[in-house]
Amino acid sequence: MSTRQHLYDGKAKTIFAGPDAHHLIQYFKDDATAYNAVKHDVIMGKGILNNLISEHIMGVVAKAGVDTHFVERLNEREQLIRKVEIVPVEVVVRNIASGSLVKRLSGDCIPVKDGDTLPAPLLEYYLKEDALNDPIIAAKHITTFGLASADELARINSMTATVNTVLTEMFMAIGIRLIDFKLEFGRLPPELGGEIILADEISPDNCRLWDVETGEKKDKDRFRQDLGGLIEAYTDIASRFGLNTAALSTTGADQ
Ligand code: UDP
């Protein structure tokens, strides 16, 4: 583990102080959690794969004009990122029904089933508050309680729509259906303009990814549903993107 000053310990990542006031280091751990960390395990090599996959995806998203916090991958487990103030909202986009959407709403009124294609991408917001179990909230909660301004929310929505288009295409090109995903955004410091940029990571930990041909799950549902083969699935995603996984020490623990 790095000897840098430890600032924040998340479920799957640790944040360390960066080389200057405007940068941080994001360290990818092997911890896997689900259901608000009720389920927890360590899956050797997961952090290395997510670091690599997220670097690749953030690069493609940036080329499409979405500003992100990603600067560069430093090594197997660390990225240099821009320091932001995280907006405490998880932004979820659903193209196909699965997960909590089906659990929460499927019934007589809304007979939605796992795998149903939604008529249009469905945008949802969840409050990032573990103690409350990340409750779903409406756009008006975000502006009413000052989590983000109306202008910031409009920018978040527009960036999210672009990310969905870019991700859907890039996954389809490797034979994967993008079912849903979660994004987080952050605010640059006022002296750098205060703008909202994309933060966190984009990896199989926060996307649902199904093989077009076989329907096989290539994401964290392998852990959530005890399907096994998570490392194989994440490695498959990385390989399909042409990322070099051969040199990765996915057998080594992260701490
Ligand atoms: N998601 C996430 N972090 C969370 C909750 C959800 O990355 O704390 C992602 C999840 O991987 C999926 C999408 O957001 O791609 C929608 O998740 P859902 O609401 O269905 O929750 P789940 O049933 O996965 O807990």
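Placed above this text is the structure.
S.K.: Pulling in residues and values, what's your account of the overall build of the chain?
M.R.: Along the chain, the regular secondary structure elements total six helices and 15 strands. Buried residues in the chain amount to 50% of all 255 residues. Restricting the contact set of the chain to residue pairs at least 6 apart, pairs at least 24 apart contribute 61%. By element, 54% of the accessible surface of the chain is carried by carbon and sulfur atoms, the whole surface being about 11900 Å².

S.K.: Lay out the sheet that holds strand 13 (residues 185-187) with the relevant residues and their values.
M.R.: Two pairing modes exist for strands in a sheet, parallel and antiparallel, and in both the strands are linked by backbone hydrogen bonds. Spatially, 8-13-14 is the arrangement adopted by the three strands of the open sheet, whose pairing is antiparallel. Unpaired on one side and paired on the other, strand 8 (85-86) and strand 14 (196-198) mark the two borders of the sheet. As defined by bridge partners, strand 13 adjoins strand 14 across three bridges and the pair is classed as antiparallel. Each residue of the ladder has a partner; that of glycine 186, found in strand 14, is isoleucine 197. Sheet strands touched by helix 4 (residues 150-172): strand 13 and strand 14. Its angle to strand 14, the strand with the most contacts, is close to 25 degrees.

S.K.: Could you give an account of the site of the ligand, with specific residues and numbers?
M.R.: If you check the shell around the ligand, you find 15 residues, and the closest are Arg94, Ser100, Asp180, Arg208 and Arg224. Interatomic distance of 3.2 Å between a side-chain N/O atom of glutamate 90 and an oxygen atom of the ligand. At a separation of 3.5 Å, an oxygen atom of the ligand approaches a polar backbone atom of asparagine 206. Mapped by element, the contributors of at least two residues to the shell around the ligand are strand 9 (89-96), helix 2 (99-105), strand 12 (176-183) and strand 15 (207-211). Here the residues of the shell around the ligand are counted per class, giving four nonpolar, three polar and eight charged.

About the thresholds
Residues numbered from 1 in each chain as written. Predicted model: local features only at pLDDT ≥ 70, side-chain atom pairs only at ≥ 80, totals over all residues. Heavy atoms only, no water. Helix = DSSP H or I, 4+ residues; strand = E, 2+ residues; numbered from the N terminus. Buried < 20%, exposed > 50% of the residue type's maximum accessible area, 1.4 Å probe, protein only. Contact = heavy atoms within 4.5 Å. Areas by Shrake-Rupley, 256 points an atom, 1.4 Å probe, with all protein chains shown as cover. Pairing = 2+ DSSP bridges. Axes fitted to C-alpha atoms, helices over the stretch in contact; angles between N-to-C directions. Near = heavy atom within 4 Å. Polar contact = N/O pair within 3.5 Å; in protein donor to acceptor, adjacent residues only side chain to side chain. Nonpolar A, V, L, I, M, F, W, Y, C, P; charged D, E, K, R; others polar.

Shape descriptors only; they carry no functional weight alone.
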